[in-house]
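Chains, contacts and geometry: an overview
Spelled out, the chains give:
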Protein chains: 2
Amino acid sequence: MSQSDMQEACDDTCQGSEALDAARLEDKMIDDQTAVELADLFRALGDPTRVKIIYALLQQELCVHDISTALGMGQSAVSHQLRYLRNLRILKRRKVGKTVFYSLDDDHMEQIFVQTLQHLKHE
Amino acid sequence: MSQSDMQEACDDTCQGSEALDAARLEDKMIDDQTAVELADLFRALGDPTRVKIIYALLQQELCVHDISTALGMGQSAVSHQLRYLRNLRILKRRKVGKTVFYSLDDDHMEQIFVQTLQHLKHE
DNA sequence: ATTACATATGAGCAATCATCGATATGTTTC
DNA sequence: GAAACATATCGATGATTGCTCATATGTAAT
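Here's a quick rundown of the structure. (Residues numbered from 1 in each chain as written. Chains lettered and ligands numbered in written order. Predicted model: local features only at pLDDT ≥ 70, side-chain atom pairs only at ≥ 80, totals over all residues.)

1. Some words on the overall build of chain A
Summing up its helical and strand segments, chain A has seven helices and three strands in all. Counting from the amino terminus, chain A carries its helices and strands in the arrangement α-α-α-α-β-α-α-β-β-α. Looking at chain A alone, contacts between residues at least 24 apart form 46% of all its contacts between residues at least 6 apart. (Helix = DSSP H or I, 4+ residues; strand = E, 2+ residues; numbered from the N terminus. Contact = placed C-beta atoms within 7 Å.)

2. With respect to the nonpolar core
Judged by nonpolar contacts, the single largest core of 49 residues is most densely connected at Ala56, Leu57 and Leu62 of chain A together with Leu57 of chain B. In terms of residue count, helix H4 (residues 48–57) of chain A provides more of this core than any other element does, six residues in total. In this view, Leu57 of chain B contacts Leu62, Leu91, Tyr102, Ser103 and Leu104 of chain B; residues no more than four positions away in its chain are not counted. (Core = buried A, V, L, I, M, F, W, Y, C linked by C-beta atoms within 7 Å. Buried ≥ 20, exposed ≤ 12 C-beta atoms within 10 Å, placed from the backbone.)

3. Considerations on the relation of the copies chain A and chain B
Each copy of the sequence occupies a distinct position, and chain A is placed on chain B by a rotation of 180 degrees and an axial shift of 0.0 Å, giving an RMSD of 0.1 Å. The transformation just described matches what one would write down for a two-fold rotation axis. Of the residues that chain A buries at the interface, 100% are likewise interface residues in chain B, meaning the two copies contact each other through the same surface. (Least-squares fit on C-alpha atoms with pLDDT ≥ 70 in both.)

4. Focus: helix H3 (residues 32–44) of chain A
Along its 13 residues, H3 of chain A runs 18 Å from first to last C-alpha, staying within 8% of the 18 Å computed at 1.5 Å per residue. Taken together, the buried positions of H3 of chain A are Ala35, Leu38, Leu41, Phe42 and Ala44 of chain A. Elements that come into contact with the buried residues of H3 of chain A comprise H4 and helix H6 (75–87) of chain A together with helix H3 (32–44), helix H4 (48–57) and helix H7 (108–121) of chain B. (Expected span 1.5 Å × (residues − 1).)

5. Quick word on the sheet that holds strand S3 (residues 99–104) of chain A
Pairing between the strands of a sheet comes from backbone hydrogen bonds, and it takes one of two forms, parallel or antiparallel. Residue and element names in this part refer to chain A. Spatially, S1-S3-S2 is the arrangement adopted by the three strands of the open sheet, whose pairing is antiparallel. Looking along the sheet, the strands with just one partner apiece sit at the ends: strand S1 (62–63) and strand S2 (91–96). One ladder, built from two bridges, connects S1 with S3; its direction is antiparallel. Looking at S3, one finds that Cys63 is bridged to Phe101. (Pairing = 2+ DSSP bridges.)

6. With respect to the pairing of strand S2 (residues 91–96) of chain B
Residues and elements named next belong to chain B. Alignment of S2 against strand S3 (residues 99–104), held across six bridges, turns out to be antiparallel. Residue pairing for S3: Val96 is matched across the bridge by Thr99. The hairpin formed by S2 and S3 contains two residues between the paired strands, and Gly97 there has a positive phi angle of roughly 65 degrees.

7. Focus: the environment of Gln33 of chain B
Residue and element names in this part refer to chain B. As for its position among the elements, Gln33 is in helix H3. Accessibility expressed as a C-beta count within 10 Å gives 9 for Gln33, which makes it exposed. Linking Gln33 and Phe113, residues 80 residues apart in sequence, is a C-alpha distance of 24 Å.

8. A few points about the interface of chain A and chain B
With 54 residues of chain A in contact, the opposing surface of chain B contributes 54 residues. The element that contributes the greatest number of residues to the side of chain A that touches chain B is helix H7 (residues 108–121) of chain A, accounting for nine residues. Here the side of chain A that touches chain B is built from residues that sort into 24 nonpolar, 21 polar and nine charged. (Nonpolar A, V, L, I, M, F, W, Y, C, P; charged D, E, K, R; others polar.)

9. Side note on helix H6 (residues 75–87) of chain B
Residue and element names in this part refer to chain B. Compared with the 18 Å implied by 1.5 Å per residue over 13 residues, the 18 Å span of H6 between its first and last C-alpha is a close match. Of all the residues in H6, the buried ones are Val78, Gln81, Leu82 and Leu85. The buried residues of H6 occupy an angular sector of 105 degrees when projected down its axis, which confines them to one face. The exposed set on the far side of H6, more than 90 degrees from its buried face, consists of Ser76, His80, Arg83 and Asn87. Each element contacted by the buried residues of H6 is listed here: H3, H4, helix H5 (64–71), S2 and S3. (Arc of directions from axis to C-beta.)

10. Here's the deal with the sheet that holds strand S1 (residues 62–63) of chain B
Residue and element names in this part refer to chain B. Strand order in the open sheet formed by three strands is S1-S3-S2, with antiparallel pairing between adjacent strands. A strand with exactly one partner marks an edge of an open sheet, and here the two such strands are S1 and S2. Sitting on the sheet, H6 is in contact with S2 and S3, with an inclination near 120 degrees to S2. (Axes fitted to C-alpha atoms, helices over the stretch in contact; angles between N-to-C directions.)

11. A short note on the packing of H4 of chain B against H5 of chain B
Residues and elements named next belong to chain B. Contact geometry for H4 and H5: axes closest at 11 Å, N-to-C directions at 120 degrees. Viewed along their axes, H4 and H5 adopt a mutual orientation that is oblique. Where H4 crosses over H5, the handedness of that crossing is right-handed. Of H5, the residues touching H4 (which contributes Thr49, Lys52, Ile53 and Ala56) are Ile67, Ala70 and Leu71. When grouped by side-chain class, the residues that make up the contact of H4 with H5 number five nonpolar, one polar and one charged. (Parallel < 35°, antiparallel > 145°, perpendicular 65-115°, else oblique. Left-handed = near helix turned anticlockwise from the far one by under 90°.)

Printed below as a string of structure tokens:
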């Protein structure tokens, strides 16, 4: 309660915000659903295991077992993450006999990784 | 244990993976630290509130109160997220009197958002 | 100094999540 | 059909996290 009072009052005193009436701010806001979808996608990349999986698949198609071996992780954990990434249409499957090959479903991932790696290196 | 047995055995039978000896896979893997740092960055973008904050700041510098108002959230919650994003050098501060203006510390975010929004729209 | 404002911080709680172990499904070979 | 293999799924658990409430810090005006 004391917070909303504070906010009301600030509308009159905040420097720099006179130029922004509420209407203008609304216009520049991202809509809720898009924000959630964006966040869901980013969160999918927000785990070291999934980063490693995607990075490996950036270079070549791999089967579950090979990913599991490469990461030194249990097959179950890897399979869970693969399903997770597939549900978000980041990965796709290709079945050959009993083996399932995973690969990227989209070529945006490469650019996203490149940009983010640049952000890391810089500064 | 039964899992590693399964993995050993698969090395001989997995189709398509004959071309990948362990050494080659190692070479194409991302190193652990980089994976963690990448994941940390992505996780920072993996929340609707933070997405909204960054999206708003993509267009203009804003003070804490204005962000708080725009998102319809408590000042404390916003302040916490701002600190979080600042620690990862995604945002920077500029102080004017009692007001603190936040803005992006880097111009990579725009590209990252553009690419990821494209991934969303497509398919 | 006192009051009001703007932001920052700390503790606690509910919810989410990554992993593991065990088991299930699907496929090939014998 | 039975056995072996590859992957998928289920349940449980420890760890992380986003928010709220309360309070602290810093700044400006009277």
